[in-house]
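If you want the building blocks of each chain, they are given just below.
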Amino acid sequence: MSQYYLMQDAKRCIACRACEVVCKVNKGLPRGPKPCEVVVVGPKFIGGLPRAFFKFMPCFHCEKPWCIAACPTGAMQKREDGIVYVDETLCVGCKACMSACPWGVPQWDPEKRKVVKCDYCMDRLDKGLLPACVTICVTKCLYFGKANEVPSIRRERAAKAAAYFE
Amino acid sequence: MTKTVFSLCFMCTVRCPIKVEVENGQVKWIEGNPYVPGMQGSLCPKGAAATALLNDTERIQGPMVRTGPRGSGEWKRVSWDEALNIVATKLQEIAKTYGGKSIVWGERTNLATHVNKTFMRLLGSPNHFTHDALCKGSVNTACRSLFGYTDPEIGIDYKNTKHIVLYGRNIFEALEVRPVNFLLQAIEEGAKLTYIDPRVTVTATKAHNYFMIRPGTDLAFNYALMHVIIKEKLYDVKFVERWVEGFRELEAFIQPYTPEWAEKETGIPAARIISLARELSQQKPSVIFHFGYRGASHPNEIYFRRSILMLNALMGSIEAKGGLFFKKGPKEAGGQPARKLTEQDGLPKVTEMRFDKVGTEMFPLPDPNHGVPQMLPFAILNEDPYPIKAAIFNRFEPLLSIPDRGLTERAFEKLDFIVTIDIQWSDIAWHSDVVLPESVFLERTDCIQQANGLKPQMFLRRQAVLPRYDTLPAPIIVKRLADRLGFGRFFPYETMEDLVKWQLEGTGFTLEDFDRKGFVAYTDKEIWWDRENGLKLKTPSKKIEFVSSLLEKAGYPSFPPYESVMAPPEGRYRLMVGRCAQHTHVSTQNNPYLNELVPENVLWINRREAERLGISNGDFVEVSSSCGDVCLKAYVTDLIHPEAVFMLHGFGHKARFATRSFDKGAADAVLQENKSDIVGGSPALDDTLVRVRRAYKK
């Protein structure tokens, strides 16, 4: 497993897709590939009120990634901290990882003719920065860090709500 | 070489403070200014896509002069000298023959508006207008009629609110980063959100109360709320007695407008209106009835916006924590505001009538600082009040934002000369005679932004990189034109830094003060006026005028009887327009990243109605009104009121050089009738009825 967690407080998300844009800007991607995406479910009327669910979908950085197992050239790799990434110099564009991943995470870059995927912006992490999507997020609904650094949103929110009534 | 530049975004008009990282002359990273509360790194998708605009090869890359017929797309690239000489000669010629007033300048309000206003005054023309009336003219007039202040002088304390009511103010999609964060924070701490809109939006999905109201009947809803609030004495008695002028008149007027009456008009159950009024009154004065951002919808707009503001006053939420407040300027904090070029001594006064007749009997109340742009086609076509011969547009797109595009196009054919100062190939640039390219915000320093509020501050947009193409900042273009026209001395600068330094004289701040955090503050304490005796209202009575001297003096009633909104006849629908989070009005549709996310607009139509018309999801439909017709894809949904159809604003571009947005989706301006709220000044953008039918191909 990755040592890192990227957690989303879906209640705060407004599906503005700034995360998707900045991810592509940071990776210099053309039209087409989306290493992360906000999936929208709804809106639907539930109990008379319109409700929707906005789910942020980056890579899960699986413990035993099928993409790595499928990659014939060793381009798909895992760092010591658990981040799964593509070594561009080794990728031959066979797309085996794309068909192996059950979540559709690896994406096709039509310009480079190689695969690109969410690597938690390891270029930024190594400089002590947060992933691009987390930094930019309009509503600050994304949290990133090691296990003990990611907050328990539900508990925090309950505490806040309780403080309001005191 | 790396450097950090603090600046202001300009992907939309909000001007969020940003931090730009530059490496070897290239923008490497942009994020929200970390020192500004509510920003702290955040940036919306438009801001995030700014580098794509900067590096876009489809931008206007140098001055262009038209060589073929208008709109043919035949252009010649020329030097700045040549282009400016042509413009100056032509303007001089027209001013000599027809007078300066025959020249019009239209722009989207920006930091350099004072520069452009100065230019027009020196040309001898009263005809400077901004996009404001198209956006919210009636909100402006309503605010002045009640408080004596314009709407930008009134702030909203999202952070501390306990209940906010939004009327189609789709705050989470037509978004500004800071208010969104403050509001979400308030909601997490227990605040309630009530949303009223005939269409379900992202904002509706976050609301505690949602009302799918009959389109055009929000005023009836508000009258019923007032009825309950007054009848059950739910209002802030002390505040109303102290500050409100004309409460008795409202009380008498509101009698017939019961919740039961409103139920028939709005389709919202009376019981829900009553319980909302009660619920709101429990949280007063930390209650906000949002007076709207884009408040241009119907011919009676002014009375609707006034009703919203009156509800705030009834709840005592004026100058209250968690309510509305008056924005404090530098003088309140003992400082001086930045100078404007319009404040120079010796500038000629222009007293002639405006092209839109603002300030005359026809339009006595709209704000002359902004004008009424939708009158431009009529003024040109009818030569009323006088012939208009030339127009200059600075980042303003009349063809897609003034209702009835056909009419506007016919009018512009009559013009001798059209100049566009813009960064991209807009439709008006495409129809111009000369196009002068402006640098994008990352390539230029701009005039000071005076940010008034509870803590008055100044922000500065700083140049981060050198211009990618042969472009200039608009104030430099204007100065060079002024030099050629012989009044350059009123533009005392060579570079933008000179202009900013000139503006800062006497304020006690220097250009370097902005380097550290991107802004300077006049004070670090919030300034609130005393609610007992300290409200400095600017109305003649020094009170909040429910009975408005502004309106009554102009011959309009403060409380005209409510006129019922007719249900559209069968097969016809009320056309509503609005925004999404990924685009700014008409200016971002060609951005590679934003275009990828939302490439075109679709027509939202209620499922039941669509079934009746034989339309299924994704079909092409023809939408027609008395003005024109368009074709776009249908989105069949339960999320919109059966009487309404909806489309996003800003699509259907016709400028071929902008290939990504060319002919994608459809323009609402083609369909909208050019009708106005005469009292307030807004066009009635949501008042047009359209017919919808299935089309077989586009």
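What you see is a predicted model, and the numbers here were worked out from it, not measured in a lab. (Residues numbered from 1 in each chain as written. Chains lettered and ligands numbered in written order. Predicted model: local features only at pLDDT ≥ 70, side-chain atom pairs only at ≥ 80, totals over all residues. Heavy atoms only, no water.)

Colleague: How would you summarise the overall build of chain A if you had to cite specific residues and measurements?
Modeller: Along the backbone of chain A there are six helices and eight strands. Judged by the C-alpha coordinates and their principal axes, chain A covers about 60 × 35 × 25 Å. Split into buried and exposed, the 166 residues of chain A put 49% on the buried side. Considering only contacts within chain A whose residues lie at least 6 apart along the sequence, 53% involve residues at least 24 apart. Side chains of chain A give 26 positive and 16 negative charges; the mean places of these two sets differ by 7 Å. (Helix = DSSP H or I, 4+ residues; strand = E, 2+ residues; numbered from the N terminus. Buried < 20%, exposed > 50% of the residue type's maximum accessible area, 1.4 Å probe, protein only. Contact = heavy atoms within 4.5 Å. Lys, Arg positive; Asp, Glu negative; His and termini not counted. Charge placed at Lys NZ, Arg CZ, Asp CG, Glu CD.)

Colleague: Can you tell me about the overall build of chain B, naming the residues and giving the values?
Modeller: In terms of regular secondary structure, chain B is built from 22 helices and 27 strands. Taken over the C-alpha trace, chain B has a radius of gyration of 25 Å; the compact-globule value for 698 residues is 26 Å, and the two agree within 12%. For chain B, the spread of C-alpha atoms along the three principal axes comes to 70 × 65 × 50 Å. With 698 residues in all, chain B has 67% of them scored as buried. As displayed, chain B offers around 24200 Å² of accessible surface, 48% of which is attributable to carbon and sulfur atoms. A distance of 1 Å separates the average location of the 88 positive side-chain charges in chain B from that of its 84 negative side-chain charges. (Rg over C-alpha atoms; globule rule 2.2 N^0.38 Å. Areas by Shrake-Rupley, 256 points an atom, 1.4 Å probe, with all protein chains shown as cover.)

Colleague: Describe the packing of aromatic side chains, with residues and values.
Modeller: This structure, assessed with the given rule, holds 35 aromatic pairs over all chains. Through successive ring pairs, a cluster of aromatic residues spans Tyr 223, Phe 253, Tyr 257, Trp 261, Phe 559 and Tyr 562 of chain B. Its end group placed over the ring of Trp 29 of chain B, Arg 124 of chain A keeps NZ or CZ at 3.9 Å from the ring centre. Sitting above the plane of the Phe 10 of chain B ring, Arg 395 of chain B keeps its charged end 4.4 Å from the centroid. (Phe/Tyr/Trp six-rings, centres within 6.5 Å; stacked < 30°, edge-to-face > 60°. Lys NZ or Arg CZ within 6 Å of the ring centre and 35° of its normal.)

Colleague: Tell me what's going on with the nonpolar core, and back it up with residues and numbers.
Modeller: All names here are of chain B. Counting 212 residues, the largest nonpolar core has Phe 119, Phe 491, Ile 544 and Phe 546 as the members making the most contacts within it. With 10 residues, helix α8 (residues 218-231) is the single largest residue contributor to this core. Look past the residues within four positions of Phe 119 in its chain and what remains in contact with it is Leu 91, Trp 105, Ile 392, Val 478, Leu 481, Ala 482, Leu 485, Phe 487 and Phe 491. Counting residues in hydrophobic clusters, the runner-up holds 23 residues, among them Ile 615, Val 621, Val 630 and Val 645. (Core = buried A, V, L, I, M, F, W, Y, C linked by side-chain atoms within 4.5 Å.)

Colleague: Break down the state of the cysteines for me, with residues and values.
Modeller: Residue and element names in this part refer to chain A. On inspection of all chains with the given rule, the structure shows zero disulfides over all chains. Free of any disulfide, Cys 13 has its nearest neighbouring cysteine sulfur in Cys 141, separated by 4.3 Å. No disulfide involves Cys 23; its sulfur sits 4.2 Å from the nearest other cysteine sulfur, which is in Cys 36. (Disulfide = S-S within 2.5 Å.)

Colleague: Just give me the short version of the sheet that holds strand β3 (residues 26-32) of chain B, but keep the residues and values in it.
Modeller: Residues and elements named next belong to chain B. Here three strands make up an open sheet; going across it, the order is β1-β2-β3 and the pairing antiparallel. Two strands in the sheet have a free side with no partner beyond their single neighbour: β1 (2-8) and β3. Taken over all neighbouring pairs, the strand axes of this sheet differ in orientation by 25° on average, direction set aside. As defined by bridge partners, β1 adjoins strand β2 (residues 17-23) across seven bridges and the pair is classed as antiparallel. Across the sheet, Thr 4 pairs through a bridge with Glu 21, a residue of β2. (Pairing = 2+ DSSP bridges. Axes fitted to C-alpha atoms, helices over the stretch in contact; angles between N-to-C directions.)

Colleague: So what's going on with helix α12 (residues 270-282) of chain B? Residues and values would help.
Modeller: Residue and element names in this part refer to chain B. When the terminal C-alpha atoms of α12 are compared, their 19 Å separation across 13 residues agrees well with the 18 Å that a helix rising 1.5 Å per residue should span. When α12 is considered as a whole, its buried residues turn out to be Ala 270, Ile 273, Ile 274, Leu 276, Ala 277, Leu 280 and Ser 281. Across the axial projection of α12, the buried residues extend over an arc of 160°, all falling on one side. Facing away from the buried side of α12 by over 90 degrees, the exposed positions are Ala 271 and Gln 282. In this fold, the buried residues of α12 make contact with β9 (163-167), β10 (192-196), β11 (209-211), α8, α11 (259-266) and β13 (287-289). (Expected span 1.5 Å × (residues − 1). Arc of directions from axis to C-beta.)

Colleague: Which residues make up the interface of chain B and chain A, and what values do they have?
Modeller: Taken together, the contacts link 45 residues of chain B with 40 residues of chain A. For the pair chain B and chain A, the number of links is two salt bridges. Measuring nitrogen to oxygen at the nearest pair gives 2.5 Å for the salt bridge that ties Glu 596 of chain B to Lys 24 of chain A. Elements with a contribution of two residues or more to the side of chain B that touches chain A: β3, α1 (45-48), α6 (177-188), α7 (202-205), β11 and α21 (592-597) of chain B. Here the residues of the side of chain B that touches chain A are counted per class, giving 26 nonpolar, 12 polar and seven charged. (Salt bridge = Lys/Arg side-chain N within 4 Å of Asp/Glu carboxyl O. Nonpolar A, V, L, I, M, F, W, Y, C, P; charged D, E, K, R; others polar.)

Colleague: Please give an account of the pattern of salt bridges that cites residues and values.
Modeller: Taken as a whole and assessed by the stated rule, the structure comprises 52 salt bridges over all chains. Residues Lys 34 of chain A and Glu 37 of chain A are paired through a salt bridge, measuring 3.8 Å at the closest nitrogen-oxygen approach. Judged by its relative accessible area of 34%, Glu 37 of chain A falls in the partly exposed class. Salt-bridge contacts for Glu 409 of chain B lead to Arg 405 of chain B; the nearest nitrogen and oxygen are separated by 3.0 Å. Taken together, the positions of Glu 409 of chain B and Arg 405 of chain B, both in helix α16 (residues 405-413) and four residues apart, correspond to about one turn of that helix.

Colleague: Help me get a handle on α11 of chain B, residues and values and all.
Modeller: All names here are of chain B. Turning to α11, its buried residues number three or more, namely Pro 259, Ala 262, Glu 265 and Thr 266. Seen end-on, α11 carries its buried residues on one side only, within an arc spanning 115°. Buried residues belonging to α11 abut α8 and α12. Residue Gly 267 follows α11 closely and has a positive phi angle near 80°.

Colleague: Give me the sheet that holds strand β20 (residues 519-521) of chain B: which residues, what numbers.
Modeller: Hydrogen bonding along the main chain pairs the strands of a sheet, whether they run parallel or antiparallel. Residues and elements named next belong to chain B. Strand order in the open sheet made by the three strands is β18-β19-β20, with antiparallel pairing throughout. Edge positions in the sheet fall to β18 (449-451) and β20, since each of these pairs with one other strand and no more. Neighbour to neighbour, the strand axes of the sheet diverge by 20° on average, direction disregarded.

Colleague: Can you tell me about the side chain of Thr 139 of chain A, naming the residues and giving the values?
Modeller: Looking at the secondary structure, you find Thr 139 of chain A in the loop between α5 (132-136) and β8 (142-146). Using a relative accessible area of 1% as the deciding quantity, one classes Thr 139 of chain A as buried. Those residues in contact with Thr 139 of chain A that lie beyond four places of it in its chain are Arg 12, Cys 13 and Ile 14 of chain A together with Val 180, Asn 181 and Leu 184 of chain B.

Colleague: Go over the confidence of the model for chain B with me, naming the residues and quoting the values.
Modeller: On average, residues of chain B score 96 in pLDDT, and 100% of them reach the 70 mark or higher. Reported confidences for the modelled complex are a pTM of 0.96 and an ipTM of 0.95. (pLDDT = per-residue confidence, 0-100.)

Colleague: How would you summarise the environment of Cys 137 of chain A if you had to cite specific residues and measurements?
Modeller: For Cys 137 of chain A, the position within the fold is in the loop between α5 and β8. Under the relative-accessibility criterion, Cys 137 of chain A is labelled buried at 8%. Residues Cys 137 of chain A and Cys 19 of chain A, spaced 118 residues apart in sequence, show a C-alpha to C-alpha distance of 6.0 Å. Beyond its immediate stretch of four places on either side in the chain, Cys 137 of chain A contacts Leu 142 of chain A together with Ser 42 of chain B.

Colleague: Residues and numbers for the packing of α8 of chain B against α12 of chain B, please.
Modeller: Residues and elements named next belong to chain B. Packing of α8 against α12 leaves a shortest axis separation of 9 Å and a crossing angle of 60°. The pairing of α8 with α12 is recorded here as oblique in orientation. In this structure, α8 meets α12 at a crossing whose hand is right-handed. Contacts from Phe 221, Ala 224, Leu 225, Val 228 and Ile 229 in α8 reach Ile 273, Ile 274, Leu 276 and Ala 277 in α12. In the contact of α8 with α12, the residues fall into nine nonpolar, no polar and no charged. (Parallel < 35°, antiparallel > 145°, perpendicular 65-115°, else oblique. Left-handed = near helix turned anticlockwise from the far one by under 90°.)

Colleague: Describe the environment of Asp 81 of chain A, with residues and values.
Modeller: Residues and elements named next belong to chain A. Position of Asp 81 relative to the elements: it lies in the loop between β4 (76-78) and β5 (84-86). Remark: the alpha-carbon pair of Asp 81 and Val 138, spanning 57 residues in sequence, is separated by 28 Å. Those residues within four positions of Asp 81 in sequence are excluded, and the remaining contacts are Ser 2, Gln 3 and Tyr 4. Within the local environment of Asp 81, its side chain forms a polar contact with the side chain of Arg 79, the two groups lying 2.8 Å apart. (Polar contact = N/O pair within 3.5 Å; in protein donor to acceptor, adjacent residues only side chain to side chain.)

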